[in-house]
Amino acid sequence: MTLEPSGTVQSVSNFSLKDEICDYWSDRAATFDLSVSHRIEDRHGLPEWQRLIQDACTLPPTEDLVGWQVLEFACGTGEISRVLTSLGASVTGLDFSETMLGLARQKLAGADWRPVLSDAEAMIQLEDASFDLAVTRHLAWTLAHPQNAYAEWLRVLKPGGRLLVVDGNFRAPKSSYQRLRNLLANWLSGRQPSQGDRDRHEAILDRLPYRDGLNAERLAIDLEGAGFEVAGLLPVRRLYGRGMRGYGLAERLRQSAANRFALVAVRPAGQGV
């Protein structure tokens, strides 16, 4: 496997790697909503996520997304889609795991939401310039072909459409403070993270372009290379502080805004399809 300057992985085993990634997330689907880093709690978490999305769209807190066509990449069990529909948006949730989409269908039954089974790097089912906003959480750093994905994301956005990427450098060394928080969380909860899942995840990540971690600066460069204009960063501290108050102390200790970011980019208004 080689890594080209564009960040694209070239490998004869690319399809088997994609299958492995899909299988990994499908296997985690049944328990995915048990993860505090994934599940958005209604009383405290939902308002903070609504605030973030409104800020990304430069909307005041009193304004919703009624009339907006919104796409969520790698929607998983539909948590971010749930936030988007709560703001009145018409949402398309895209994922390449049928298992994840099945759970999202149940969760969003009756909402203005439609599923699309597709890879976020090749969205052949979606038309050009279809969406006002696209949102993704914890996807960018796991992409096998980032530049392919970013070109597709640009393609499906309307000129002037906005992209919100919530992600983090999850391979950055943990500070002493973070390690202490995790040790305390493990002691309070009486459990350790599953080593099997962690090893499987790490083995996949070792073969990806962002295997050394993804930070906001690297992402901004790669998005600009695909034709986006980067509008800036939004603070995420409230998501992992105030937004976590509905959980117990052990769960809150495991969450941190350290090395996490929310980046907003725009498809230039004068850019043709």
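Draft legend 1. Representation of the confidence of the model for the protein. For the protein, per-residue confidence averages 90 on the pLDDT scale, and residues scoring 70 or more make up 91% of the total. Counted against residues more than four places away or in other chains, residues 1-14, with its pLDDT under 50, gives 25 contacts.

Draft legend 2. Up close: the pairing of strand β7 (residues 157-168). With respect to burial, β7 is a largely interior element, 9 of its 12 residues being buried. As paired elements, strand β6 (residues 131-137) and β7 share 6 bridges and run parallel to each other. Bridge pairing links F131 to L157 in β7. A crossover connection joins β6 to the parallel β7 through helix α5 (residues 146-156); in handedness this β-α-β unit is right-handed. When β7 meets strand β9 (residues 260-266), the two strands line up antiparallel, connected through 7 bridges. Residue pairing for β9: V166 is matched across the bridge by A262.

Draft legend 3. Quick peek at the nonpolar core. Membership of the largest hydrophobic core comes to 39 residues, with the highest contact counts inside it found for L71, F73, Y150, W153, L163 and L219. When contributions to this core are tallied by element, the ones reaching two or more residues are α1 (14-28), β3 (69-73), β6, α5, β7, α7 (195-205), α8 (216-225) and β9. Sort the elements by how many residues they give to this core and α5 lands first, with 5 residues. Y150 has contacts with A140, L143, Y210, L219, D222, L223, A226 and F228, leaving out every residue within four places of it along the chain. Ranked by size, the runner-up nonpolar core spans 35 residues in total, among them W49, L52, L84 and V135.

About the thresholds
Residues numbered from 1 in each chain as written. Predicted model: local features only at pLDDT ≥ 70, side-chain atom pairs only at ≥ 80, totals over all residues. Heavy atoms only, no water. pLDDT = per-residue confidence, 0-100. Contact = heavy atoms within 4.5 Å. Buried < 20%, exposed > 50% of the residue type's maximum accessible area, 1.4 Å probe, protein only. Helix = DSSP H or I, 4+ residues; strand = E, 2+ residues; numbered from the N terminus. Pairing = 2+ DSSP bridges. Right-handed = clockwise from strand over helix to strand, strands pointing away. Core = buried A, V, L, I, M, F, W, Y, C linked by side-chain atoms within 4.5 Å.

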